[in-house]
Structures are given as structure tokens and as C-alpha cells.
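A closer look at the structure
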Amino acid sequence: MRKFFSNRRLVMIVVALVVAFGLMGGSVTLRNNRLTLPLIQQFGNDIIGFGNDVIASPANAVQNAFTNYNDLLNTYHENKELKQQVAEVAQTKVRDQVLAKENKQLKAELNMKNSMTDYELITAAVITRSPSAWQQQLVVNKGQSSGIRKNMPVMSAGSLIGRVEEVNKTNSKIELLSDTSEAANRFAIEINGKNGKTVNGVITGYQSETNELVMGQVTTKASISKGTKVYTNGMGGITPKGLYVGKVSRVGKDDYGLAQKVYIKPSADFNNLNVVSIAKTDN
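None of the values given here were measured: they were computed from a predicted structure.

A few words now on the overall build of the protein. Helices and strands together make up the secondary structure of the protein, namely two helices and twelve strands. Within the protein, residue pairs in contact and separated by at least 24 positions form 56% of the contacts whose partners lie at least 6 positions apart.

This is the structure:
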């Protein structure tokens, strides 16, 4: 009887082991061959995915909005800097043009200094020019403190443009050759005519349309050629003799058809005077 129970126990142990190994093998096989996850695991994964979408979507939207705002802000600053650079370039271009023009005029004044050794020339800048008296007067930044006196001749680009009419401590008013007002002083000039004859006269007018000075009160009927140079003759003791004015552009008759009227193209441009030279004389 004891042997029977012993064999039965052994058989049960073997059967239990076989069943256990069979269940383990079947579980592994079932897990490897199953194409779908368990329902509970699927539900859990769906809940986690939905939660991620709910949280991630607003976060991504906020992040994208912040990124777009930064891009827009950077674009605004870059646009502002570019506009400032464009404005600076435009200002630099205008300044360079002004400096180039002034440099050209200063070079002309320097050449004039080298040729006019009889005078001490004082360079001055034009600071005021009234539109209502554009062809009559201008104001420069040199006056009594620089040794300027009334009636001193004023030059530009190597030729006479006027004389000092009024002197203040730090500035002076210049009367131009083109001043045709009744109160203006007349400039006495001369032309070397043919056959060596000298033609004297005074500047009596200015035609702004053609930029021509008019020489009236001509003292002789000597023939005058176009292109002949015109100088001051020193009569009246105000303006020195020999200052260059311009060239004869044409010759005509006065309103009565009797005396000659000479038209002179001035060497200087009265519409473009930024720098002038005042000749210090002993007068």
C-alpha cells in the first residue's frame, strides 16, 4: 500500500510539471503570435495619446505664436535699421555732393590767389541770400574782425562778382555786379577793341534770362569782337583796375539806335555762389 501512494505522488508531480511547462510555452506562443494588444492596454494607450494631444496642441500653439512674434519683432528692427542706413546713405551722398562743389570752388579760389599777388585775399562763405534780392546782394561770414572794409572787391572763380557794401563785426553784405537797382553803385569797366582802342563804359543792367551783364554809356564806336575779355578800369577810385569780369557775348544798339550796347557773359555764376574771396586793398 505504501508503494502505491509513493508512485502516485511521483506521477502527480510529473503531470504538474508537464502542465506548467505546457502553459508557459503556450503563453509565450500566444504572446508572440497575437497581432493586437489587449483591450485594457489599448484603452490606456489611447487615453495617454489623447492627453498628450490636449496638452501638446496649446503648448505648440503658444510656442509657434511666440516664435512668430519674435520673427516679426526681428523683422521690424531689421527694417528700422535698414531705413536708417538708407537715410544715412542719402545724407552722405548729399553731403559729398555739397563738399565736392565747395571743394571745386575752393580750388578755383586757390588758383585765383596764385595769380592775384597784388592783393591779400580773404576767403568767406555765403551764409545768407534773400530770394527777393537774389541777384542783388548776399551776406558772408567775414567782417571787421577779419579786416574787411567797405567797397573792397569780391571775387569768385577768378573773376569779379561785386563789392563790399556793408560791414559788421562778424559778417558783411556784398553788392553784386548783377544788382540793377537805382541805389546800386555802377561798376566801371573797359574792353580792348580792335586797332588797340580801349572802350570804356559802366555796367548798367543784368538780364537774368540770358545771364548777361549789360555795358552802357560806351564812350567810343570802336569795333568790339565777340569773346573779348572785359576788365574793371579803376575809374571812380572804388574798384581797382584790371579785375576780370567776363567776355563779350554780343554787341547791339541802345534803345535809340545810337550808342553801342555791349552784352557780357560773366565768368562767375551769380546763381551758384557758396564761397567768395574778398580782396584787401589799400583804398
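So, next bit.
By size, the foremost hydrophobic cluster in this structure holds 37 residues, and its most contacted members are Ile-161, Val-164, Leu-177, Ile-191, Leu-213, Met-215 and Val-262. Element by element, the count of residues in this core is highest for strand E4 (residues 159-167), at four residues. For Val-262, the residues in contact, after removing those within four places along its chain, are Ile-191, Leu-213, Val-214, Met-215, Val-218, Ile-224, Val-248 and Arg-250.

Before going further, it helps to spend a moment on the sheet that holds strand E6 (residues 188-192). Hydrogen bonds between backbone groups are what pair the strands of a sheet, and the pairing can be parallel or antiparallel. Judged by pairing direction, the barrel is antiparallel, and its six strands sit side by side in the order E6-E7-E8-E11-E10-E9 before closing back on the first. On average, adjacent strands in this sheet sit at an angle of 45 degrees to one another, irrespective of strand direction. One ladder, built from three bridges, connects E6 with strand E9 (residues 229-232); its direction is antiparallel. Of the residues in E9, the one forming a bridge with Ile-191 is Val-230.

Burial along E9 is one-sided: the face carrying Val-230 and Thr-232 is buried and the face carrying Lys-229 and Tyr-231 is not. Where E9 and strand E10 (residues 244-253) come together, three bridges link them in antiparallel fashion. Bridging from a neighbouring strand, Lys-229 pairs with Lys-247 of E10.

Taken as a whole, the largest pocket holds about 220 Å³ of empty space. The wall of the largest pocket is formed by Lys-101, Lys-104, Gln-105, Ala-108, Ser-156, Ala-157, Ser-267, Ala-268, Asp-269, Asn-272 and Leu-273. It is helix H2 (residues 39-115) that provides the largest number of residues to the lining of the largest pocket, a total of four residues. Of the residues assigned to the lining of the largest pocket, the class counts are four nonpolar, four polar and three charged.

What counts, and at which threshold
- All residue numbers refer to position in the chain's written sequence, counted from 1.
- Whole-chain, interface and lining totals are the exception, using all residues; otherwise, since this is a predicted model, local features are given only for residues with pLDDT of at least 70 and side-chain atom pairs are given and counted only at 80 or more.
- Side-chain metrics rest on all non-hydrogen atoms present in the structure, leaving aside hydrogens and water.
- Each helix is a run of DSSP H or I of at least 4 residues and each strand a run of E of at least 2, with the numbering of both proceeding from the N terminus.
- Throughout, a contact is declared for two residues whenever any of their heavy atoms are within 4.5 Å.
- Residues belong to a common nonpolar core when they are buried Ala, Val, Leu, Ile, Met, Phe, Trp, Tyr or Cys residues joined through side-chain atoms within 4.5 Å.
- For every residue, the accessible area (1.4 Å probe, protein chains only) is compared with the maximum for its type, and the residue is labelled buried under 20%, exposed over 50%, or partly exposed between those bounds.
- Note: two strands are recorded as paired if DSSP finds a minimum of 2 bridges between them.
- To obtain each axis, a line is fitted to C-alpha atoms, and for helices this fit is confined to the stretch in contact; angles are then taken between N-to-C directions over 0 to 180 degrees.
- Buried and open spaces are told apart on a 1 Å grid over the protein atoms alone, a cavity being a set of points where a 1.4 Å probe fits but cannot get out and a pocket being an open set with protein on both sides within 12 Å along at least five of seven lines. Residues with an atom within 4 Å of a point are the lining residues.
- Grid points are joined across faces, edges and corners, and a volume is the space filled by probe spheres set on the points.
- Amino acids are sorted into nonpolar (Ala, Val, Leu, Ile, Met, Phe, Trp, Tyr, Cys and Pro), charged (Asp, Glu, Lys and Arg) and polar (every other residue, Gly among them).

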